[in-house]
Amino acid sequence: MDEPLVARMRPFGETIFAEMSRLAVEHDAVNLGQGFPDTDGPRSLLDGAARRIRDGVNQYPPGPGRPELRAAVAEDRRLRYGLEYDPGSEVYITVGATAGIASAVLGLIEPGDEVVLFEPMYDSYAAVIALAGGVRRPVPLRPGPEADGGRFAFDPDELRAAIGPRTRMILVNSPHNPTGTVFTAAELEVIAGLCRDHGLIAVTDEVYEHLTFDGAAHVPLATLPGMRERTLAVSSVGKTFSVTAWKTGWVMGPAPLVRAVQTVNQFLTFTANGALQLAIADAVRDEHAWISAQRDSLAVRRDRLSQGLRAAGFGVLRPQGTYFVMTDIRPLGFTDGIEFARALPRTAGVAAVPAQVLYDTTAEGRHLVRFAFCKRDDVLDRAIDRLTTAFGTASR
C-alpha cells in the first residue's frame, strides 16, 4: 500500500519526547528528557478529585467546561493580572493546553495563512499549523553570552521582517519552552505593536506562567494596550500543580475568538473530565501558597542540575522559568545534538532532548540539548553522577 498518511503530516513521525522516553526505558536511563515531574500536586487537589469521582461526577460535564472552573479561572486572571473575562463566554475549558492551541489554530487559520512563532518551539505548534494548511514563519531566539546567563532573545528586526501580507497570527510562548526565557515587558511591547499595526491575532501559551525564577515576572500579552481584544491566552493545570496527566487547560479571550476555539474543539475532544475540573477550581482559588513553594523548589532544583551539568563539562544557559535547562554540547567536543541525545541513554545512562528538532532552521540549535530539572533531588543527583562519570574527566 502507498503511504496512507496525508502529505502535510508526513514530516511528523514519533515525537522526540516519545523517542527519548523509549530509549530511556530500553537503557534503564534517568529520563531528563520529557517534562513531567516525579512528585504529585497538593493533597487537597488529589483528594478533591477522588471525592468527586466517588460522589458520582463521572459523566459528561458541559461542553465549554464546568462553570465552577470557568469562574475560578476568570477570578484568578482578574486578581493576578487585572484582566476581566466573562466566565460564561470568554473562558473555555479544554483537554490540556495543547488541545486549546490546536483548536485555536484550526479555527482561525485558513490554508496559506502565515503564523509567526519563535524557535525553538514546542513540537505541537508545527504539527497543528501543518494540519491547518498554514505556513510557519519562525523567528529564532538566540542565546546571549553564557557569562551573562545565556538568556535567549529575539531580534526585533527579524520579527518585523517575518510579517507579510498573509500573516494572520503570532504564536507566543512565555515562559518559553525549551529556552526558559521569560519575555520582558519591552519585548512584549514589540510583539504587541506589530499585532496592532498589522491586525494580527495573538495566541499565547502561558502554561508555565507561575514557574518563573530570580524575580522574572510573567506579563500576559493581553495586558498590553490594544491586546486584550486580539489575544487568546492559553494555560493549564498540569505544570502549575504537577499533574501533567490530568490534561485540563483553558482558553481565555474575547468571545468571538473563544467561539472559534469552541467550534473546532467540540468535534475533537469535546470536553474535559468533570471531577478533575471541580478539584482544579478549588486549587486555583485556594492553593496559592503551594504554587509559590513549588516555584521556589524548582528554582533550587534548576541550580542543582545546572551546577552538575557545568561540572560535567556542558555549557549551561540559565533559564528564567519552566522545567528545563538548555545546554551547549560543544565544550564536550560534540556538535550534533540529535546524535548526542540518541547515544546518551546508552553511553551515559541519561536521556535528554536535542533542541535541533524544535527548530525549522536547524542550524540554529544543532549544538543544544535540553534537560528537565522537575525531578526529585535523588534522581537529579543520579543523573549528575552518570554524566560526570561519562564526561567530567574528558571535559577537564
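Figured I'd write up the structure that's included with this text. (Residues numbered from 1 in each chain as written. Predicted model: local features only at pLDDT ≥ 70, side-chain atom pairs only at ≥ 80, totals over all residues. Heavy atoms only, no water.)

1. Considerations on the nonpolar core
Nonpolar side chains in soluble globular proteins tend to be buried together.
Moving on, step 1. By size, the foremost hydrophobic cluster in this structure holds 61 residues, and its most contacted members are Leu-232, Leu-305, Phe-314, Leu-344, Phe-371 and Leu-387.
Moving on, step 2. Setting aside residues no more than four positions away along its own chain, Leu-305 makes contact with Leu-32, Val-325, Phe-371, Ala-372, Phe-373, Leu-380 and Ile-384.
Moving on, step 3. Core analysis: the second largest hydrophobic core is formed by 28 residues, Tyr-85, Trp-246, Met-252 and Ala-279 among them. (Core = buried A, V, L, I, M, F, W, Y, C linked by side-chain atoms within 4.5 Å. Buried < 20%, exposed > 50% of the residue type's maximum accessible area, 1.4 Å probe, protein only. Contact = heavy atoms within 4.5 Å.)

2. Examining the pairing of strand β2 (residues 91-94)
Side-chain direction in a regular strand flips from residue to residue, so the side chains alternate between the two faces of the sheet.
Moving on, step 1. Across the two faces of β2 the burial is the same, with Val-91 and Ile-93 and Tyr-92 and Thr-94 all buried.
Moving on, step 2. When β2 meets strand β10 (residues 249-252), the two strands line up antiparallel, connected through 4 bridges. Looking across to β10, one finds that Tyr-92 is bridged to Val-251. (Helix = DSSP H or I, 4+ residues; strand = E, 2+ residues; numbered from the N terminus. Pairing = 2+ DSSP bridges.)

3. What to know about the sheet that holds strand β3 (residues 114-119)
The strands making up a sheet are joined through hydrogen bonds of the backbone, oriented either antiparallel or parallel.
Moving on, step 1. In spatial order, the strands read β2-β10-β9-β8-β7-β3-β4; together these 7 strands make up an open sheet with mixed pairing. At either margin of the open sheet sits one strand with a lone partner, and together these are β2 and β4 (135-140). Averaged over all adjacent pairs, the angle separating strand axes in this sheet is 20°, with direction ignored.
Moving on, step 2. Sheet topology places β3 next to β4; 6 bridges connect them, and they run parallel. Opposite Glu-119, over in β4, you have Pro-140 as the bridge partner.
Moving on, step 3. Helix α4 (residues 96-108) rests against β2, β7 (167-173), β8 (201-205), β9 (231-236) and β10 of the sheet, and its axis sits at about 160° to β9. (Axes fitted to C-alpha atoms, helices over the stretch in contact; angles between N-to-C directions.)

4. Description of the packing of aromatic side chains
Moving on, step 1. Summed over the entire model, instances satisfying the criterion amount to 17 aromatic pairs.
Moving on, step 2. Look at Phe-17 and Tyr-122: their rings are 6.4 Å apart centre to centre, the planes differ by 35°, and that puts the pair in the tilted class. Of this pair, Phe-17 sits in helix α1 (residues 16-26) while Tyr-122 sits in the loop between β3 and α5 (123-131), and the two are 105 residues apart along the sequence.
Moving on, step 3. A relative accessible area of 25% places Tyr-122 in the partly exposed class.
Moving on, step 4. One aromatic cluster is present, formed by Phe-314, Phe-334, Phe-340, Phe-371 and Phe-391 through successive ring pairs.
Moving on, step 5. Sitting over the ring of Phe-36, Lys-375 keeps its end group 3.7 Å from the ring centre. (Phe/Tyr/Trp six-rings, centres within 6.5 Å; stacked < 30°, edge-to-face > 60°. Lys NZ or Arg CZ within 6 Å of the ring centre and 35° of its normal.)

5. Things to note about α5
Moving on, step 1. Taken across its 9 residues, α5 has 7 buried, putting it largely inside the fold.
Moving on, step 2. Turning to α5, its buried residues number three or more, namely Ser-124, Tyr-125, Ala-126, Ala-127, Val-128, Ile-129 and Ala-130.
Moving on, step 3. The inward-facing, buried residues of α5 abut α4, β3, β4, β7 and β8.
Moving on, step 4. Immediately downstream of α5, the backbone of Gly-133 shows phi near 80°, a positive value.

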